[in-house]
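A structural walkthrough
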Amino acid sequence: QVQLVESGGGSVQAGGSLRLSCARTGSNFASACMAWFRQTPGKEREGVGSADRDGIINYADSVKGRFTISREYAKNTLYLEMNNLKPEDTATYYCAAINVYAGPCELAASGYNQWGQGTQVTVSS
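Note that the structure is predicted; figures quoted are calculated from it, not measured.

On inspection of all chains with the given rule, the structure shows 2 disulfides. Here C22 engages in a disulfide with C95; their sulfurs sit 1.9 Å apart. Taking the sign of the S-S torsion, about 50° here, the bridge from C22 to C95 comes out right-handed. Highlighted residues: C22 in strand β3 (residues 18-25) and C95 in strand β9 (residues 91-98), separated in sequence by 73 residues. Like C95, C22 is buried. Between the sulfur atoms of C33 and its disulfide mate C105 the distance is 2.0 Å. Looking along the S-S bond of the C33-C105 disulfide, the torsion reads about -85°, which is the left-handed sense. Of the two residues, C33 is situated in strand β4 (residues 33-39) and C105 in the loop between β9 and β10 (114-115); the sequence distance between them amounts to 72 residues. Relative accessible area serves as the criterion here: at 2%, C33 is assigned to the buried category.

Once that is clear, we can look at the side chain of D52. As for its position among the elements, D52 is in strand β5 (residues 46-52). For D52, which is buried and forms no salt bridge, the nearest opposite charge comes from R71, at a distance of 6.4 Å. Leave out the neighbours within four places in its chain, and D52 touches A32, R71, Y73 and C105.

Turning our attention to the pattern of salt bridges. One pass over the structure, following the stated rule, counts 6 salt bridges. Connected via shared salt-bridge partners are R38, E46, R66 and D89.

Applying the stated criterion across every chain yields a total of 2 aromatic pairs. Taken together, a centroid distance of 5.5 Å and an interplanar angle of 75° make the contact between F37 and Y112 edge-to-face. Placement of the pair is F37 in strand β4 and Y112 in the loop between β9 and β10, with a sequence separation of 75 residues. Y112 carries the same exposure label as F37, and that label is buried. Measuring from ring centre to ring centre gives 5.0 Å for F37 and W115, while their planes differ by 55°; the resulting arrangement is tilted. Separated by 78 residues along the polypeptide, F37 in strand β4 and W115 in strand β10 bring together distant segments of the chain. A relative accessible area of 0% places F37 in the buried class. Members of the aromatic cluster, each reached through a chain of ring pairs, are F37, Y112 and W115. The residue whose ring lies beneath R45 is Y94, and the NZ or CZ to ring-centre distance is 3.9 Å.

Reading the values: rules and limits
Residues numbered from 1 in each chain as written. Predicted model: local features only at pLDDT ≥ 70, side-chain atom pairs only at ≥ 80, totals over all residues. Heavy atoms only, no water. Disulfide = S-S within 2.5 Å. Helix = DSSP H or I, 4+ residues; strand = E, 2+ residues; numbered from the N terminus. Buried < 20%, exposed > 50% of the residue type's maximum accessible area, 1.4 Å probe, protein only. Lys, Arg positive; Asp, Glu negative; His and termini not counted. Salt bridge = Lys/Arg side-chain N within 4 Å of Asp/Glu carboxyl O. Contact = heavy atoms within 4.5 Å. Phe/Tyr/Trp six-rings, centres within 6.5 Å; stacked < 30°, edge-to-face > 60°. Lys NZ or Arg CZ within 6 Å of the ring centre and 35° of its normal.

Have a look at this one:
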């Protein structure tokens, strides 16, 4: 069974950086799409960015120019490089995947059926 496990979260001051990793195990087949989401208590889960098998990466407007998503296919790992962090970036960050997908990878949570348990990111002002 496929498992997604996030790591790399922590506490950082505004302007700092963190690198999140998502290890995907339990399958010999790469997913069609992988993505990062984030969520704060009482709020809707928000798409951060997605990566497909062709190197196409989409970002939410709120993180463009600050966050970078990459996939290391040989290690079945998804990364999220976060720079110039802001207090509003504070959230639990989740990675997600879907095995089969046609078209661009979306940033809606409903488009994914494999999820990690999340890693906490806290940014102080």
